[in-house]
Amino acid sequence: MNQLSRLLIFVTFGVFVAACSDPATITETAKPDPWAALSDSERELLRHGEARARSCAACHGPQGISRNRMYPSIAGMSAKDMTTTLQAYRSGEIVNPLMSPQARGLSDEDIAALAFYFTHLQID
Ligand code: HEC
C-alpha cells in the first residue's frame, strides 16, 4: 500500500467518525448558562451594563479583553474593584488622560451596571 492510499483511508475514517458523532452529546457537555440564575432586575442591570460598555470596547476590547498592551483587560474584574476604580477616575483621585474623560460622564447607576456586567463576563 502506498503513502497516498494510506492517507486516503485515514481521511475517510476521520470523516466517518466525524459524521457519526452525535450533536446532542456536544450540547450536553456545553457549559451551563451562567446567566440562567439571574433575577429579572439583575438581567436589567446586565442589559444596562452591556449597552453602556459599548463605548469601552474601543480601548478595552470587545467583552473587556484588550488586545493592546496600552489598555488593561477589564473582563472578570470584581464588581467592588471596578466600582471603586471607576469612582476614583470620576472624582479625579486617579488621573489618566484617556480613562478620566470616560469615567466623568458615568452616573452611579452606570457604574453599578458596568461593574455588574464586567464581573459576569465569561473568560474562556
Ligand atoms: C479612550 C480609551 C479608553 C476608553 C474608551 C475606556 N478606557 Fe478604561 N482605561 C483606559 C486606560 C488607558 C486605562 C489605564 C489607565 C491607567 O493606567 O491609569 C484604563 C483603565 C480602566 C480601568 C482600571 C483597570 C485596572 O486594572 O486598574 C477600568 C476599570 C476601566 N478602564 C474601565 C473602563 C470602562 C468601564 C469604560 C467604558 C465606560 C472604559 N474604561 C473606557 C482607556 C480607556
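Residues numbered from 1 in each chain as written. Predicted model: local features only at pLDDT ≥ 70, side-chain atom pairs only at ≥ 80, totals over all residues.

*Asks:* What exactly am I supposed to notice about the overall build of the protein here?
*Replies:* Within the protein, the regular secondary structure consists of seven helices and zero strands. For the protein, the α and β elements follow one another from N to C terminus as α-α-α-α-α-α-α. Looking at the protein as a whole, 12% of its 124 residues qualify as buried. The contacts in the protein between residues at least 6 apart in sequence include a share of 63% that link residues at least 24 apart. (Helix = DSSP H or I, 4+ residues; strand = E, 2+ residues; numbered from the N terminus. Buried ≥ 20, exposed ≤ 12 C-beta atoms within 10 Å, placed from the backbone. Contact = placed C-beta atoms within 7 Å.)

*Asks:* Please explain the nonpolar core as it appears in this structure.
*Replies:* Nonpolar side chains tend toward joint burial in soluble globular proteins. Counting residues in hydrophobic clusters, the biggest one holds 12 residues: L45, A53, I74, M82, L86, A103, I111, A113, L114, A115, Y117 and F118. Listing elements by their share of this core, those giving two or more residues are α5 (79–91) and α7 (108–119). Counting residues per element, this core draws most heavily on α7, at six residues. What L45 contacts, discounting residues up to four positions off in sequence, is A112, A113 and F116. (Core = buried A, V, L, I, M, F, W, Y, C linked by C-beta atoms within 7 Å.)

*Asks:* Would you mind going over the site of the ligand with me for this structure?
*Replies:* Taken together, 18 residues lie around the ligand, and C56, C59, N96, M99 and Q102 are the ones closest in. Taken together, the elements giving at least two residues each to the shell around the ligand come down to α4 (57–60) and α5. Split by residue class, the shell around the ligand holds 13 nonpolar, five polar and no charged. (Near = placed C-beta within 6 Å. Nonpolar A, V, L, I, M, F, W, Y, C, P; charged D, E, K, R; others polar.)

*Asks:* It is not clear to me how the packing of helix α3 (residues 40–52) against α7 should be interpreted in this structure. Could you clarify?
*Replies:* For any two helices packed against each other, the geometry is given by the interaxial angle and the distance between the axes. One way to put it is that α3 packs onto α7 with a least axis distance of 7 Å and a crossing angle of 95 degrees. As judged from the angle between their axes, α3 and α7 are roughly perpendicular. Of α7, the residues touching α3 (which contributes L45, L46, H48, G49, E50 and R52) are D110, A112, A113, L114, F116 and Y117. Residue classes in the contact of α3 with α7 are distributed as seven nonpolar, two polar and three charged. (Axes fitted to C-alpha atoms, helices over the stretch in contact; angles between N-to-C directions. Parallel < 35°, antiparallel > 145°, perpendicular 65-115°, else oblique.)

*Asks:* Is there a simple way to think about the environment of Y71 in this case?
*Replies:* Position of Y71 relative to the elements: it lies in the loop between α4 and α5. Between the C-alpha atom of Y71 and that of M99, which follows or precedes it by 28 residues, the distance is 9.5 Å. Y71 has contacts with C59, H60 and S66, leaving out every residue within four places of it along the chain.

*Asks:* I'm lost on the environment of L114 in this one. Help?
*Replies:* Mapped onto the secondary structure, L114 falls in helix α7. With 26 C-beta atoms packed within 10 Å, L114 lands in the buried category. Taking the C-alpha atoms as reference points, L114 and L86, 28 residues apart in sequence, are found 9.5 Å from one another. Setting aside residues no more than four positions away along its own chain, L114 makes contact with G49, R52, A53, M82 and L86.

*Asks:* So what exactly am I meant to see when it comes to α5 here?
*Replies:* Helix length check: α5, at 13 residues, gives a terminal C-alpha distance of 18 Å against a target of 18 Å (1.5 Å per residue), a fit within 8%. Note on α5: the residue one or two positions beyond its end, G92, has a positive phi of about 90 degrees. (Expected span 1.5 Å × (residues − 1).)

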